[in-house]
Amino acid sequence: SSNRTEFSPLTFILTGIPGLLMSSYWMALPLCCLYLLMLLGNCTLLWMIKTDHSLHTPMYYFLSMLAMADLGLSLSTLPTMLAIFWFQSTSLRFEACLAQMYFIHSFSAIESGVLVAMAFDRFVAICYPLRYASVLTSSLVRKAGGAVFLRGICVVLPVAVLIKNMPFCRSHVLSHFFCLHQDLLRLVCGDVKVNSLYGLTVVVLTKGLDSLTILLSYTMIIRAILSIVSQEARAKAFSTCISHLCAVLIFYIPLIGLSITHRFGKHLPPLTHTLLADAYLLVPPVLNPLVYSWKTKQIRRRILILLCQRG
């Protein structure tokens, strides 16, 4: 039957790691450690930027937005991860699954937008250094941050509304320990053309357009760096971009891999899909604080001061 009322309440069955028992605590422990590392790293970044007035600059304001997006992205999947790997609870109500899907895709779009804002920050700093303070004012940073968060919140909302009214009559087993739009569409027995088209449009207008904007920014940044005569000044200018470049690669490589496998890798083992999805949602929030702590002198110095004070 294609009538949802027969499944009352409608629930989905979440999948842990294919081939592993739900009670595999040796897998749950590393996952929990990753979440703890993510919380510690991003909360430390936010605390340092808030308390250290030398970090009250556009670059670090955008970095704090990235940390908040990372926190939101990871915390969206934390409840179901704990439920599956620690309490062996695999069932999830449709409403909870829908909410989780919405927050995952919203924070993902927000993170992509923040990376664009950070690319613009590096573009102005390197291509127009004398105009940096006059262009990237506090007002502009606030407006840019508000626009990025508003876009992420609004653009994903129709995705949730469209799928909410779809009939689910096939197997209710999902491929991951969290809910993704592509995974839910696979279980719909009605016409999903509108859902698929809008979902594709959202991806193109957010992550697709964002990646092209970042690429264009770095094309102009590289041209500006190559025009610098001094080898030392050229290396210094490029070093200010390394952290952001790492953040872009950490975010987009798993995302592209996941998108390709969802559309063209149906013959691949389920473990491949699971690992790529986990990497997409867990790797950037864990690695971004480490990358910025390692490559950014001000943050590294601040961490060393804190460690010395505690020592």
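Residues numbered from 1 in each chain as written. Predicted model: local features only at pLDDT ≥ 70, side-chain atom pairs only at ≥ 80, totals over all residues. Heavy atoms only, no water.

If you check an unreviewed UniProt entry, the protein appears there as Olfactory receptor from Corythaixoides concolor. Looking at the Sequence similarities (unreviewed entry) heading of the UniProt record, one finds this comment for the protein: "Belongs to the G-protein coupled receptor 1 family." (UniProt positions renumbered as here; feature names shortened; annotations may be inferred.)

Below, the discussion takes up the overall build of the protein. Scanning the protein for helices and strands turns up 10 helices and 2 strands. For the protein, the sequential pattern of α-helices and β-strands runs β-α-α-β-α-α-α-α-α-α-α-α. Within the span of the protein, comprising 311 residues, buried residues form 45% of the whole. Of the roughly 15,700 Å² that the protein leaves accessible, carbon and sulfur atoms contribute 71%. (Helix = DSSP H or I, 4+ residues; strand = E, 2+ residues; numbered from the N terminus. Buried < 20%, exposed > 50% of the residue type's maximum accessible area, 1.4 Å probe, protein only. Areas by Shrake-Rupley, 256 points an atom, 1.4 Å probe, with all protein chains shown as cover.)

Listed under "transmembrane region" (unreviewed entry) in the UniProt record, and renumbered for this structure, are residues 12-40, 60-87, 99-120, 140-163, 241-260 and 272-292. Helix makes up 93% of residues 60-87 and strand 0%, whereas the separation of the span's terminal C-alpha atoms amounts to 39 Å. The span residues 241-260 is 100% helix and 0% strand, and its two end C-alpha atoms sit 28 Å from each other.

This part takes up the nonpolar core. Grouped together as the largest cluster of nonpolar side chains are 83 residues, with contacts concentrated most on Phe12, Leu63 and Leu115. Those elements that provide at least two residues to this core are helix 1 (25-51), helix 2 (58-85), helix 3 (94-127), helix 5 (138-164), helix 6 (181-185), helix 7 (193-226), helix 8 (231-264) and helix 9 (270-295). Looking at which element gives the most residues to this core, the answer is helix 3, with 16 residues. (Core = buried A, V, L, I, M, F, W, Y, C linked by side-chain atoms within 4.5 Å.)

Bringing the state of the cysteines into the picture now. If you walk through the whole model with that rule in mind, you get 1 disulfide. Across a sulfur-sulfur distance of 2.0 Å, cysteine 97 and cysteine 179 are joined as a disulfide pair. Its S-S torsion of approximately -125° makes the covalent link between cysteine 97 and cysteine 179 left-handed. Residue cysteine 97 is located in helix 3, and its partner cysteine 179 is located in the loop between helix 5 and helix 6; the two are separated by 82 residues in the primary sequence. Taking relative accessible area as the criterion, cysteine 179 reaches 0% and is therefore assigned buried. Cysteine cysteine 127 is unpaired, with the sulfur of cysteine 241 as its nearest cysteine sulfur at 8.8 Å. Judged by its relative accessible area of 22%, cysteine 127 is partly exposed. (Disulfide = S-S within 2.5 Å.)

What follows covers a nonpolar patch on the surface. Together, Leu37, Val283, Leu287 and Leu290 make up a nonpolar patch on the protein surface, roughly 280 Å² of accessible area in all. With 3 residues, helix 9 is the single largest residue contributor to the nonpolar patch. Judged by its relative accessible area of 31%, valine 283 is partly exposed. (Patch = residues over 30% accessible without salt bridge, like charges linked within 9 Å, V, L, I, M, F, W, Y side chains within 5 Å. Salt bridge = Lys/Arg side-chain N within 4 Å of Asp/Glu carboxyl O.)

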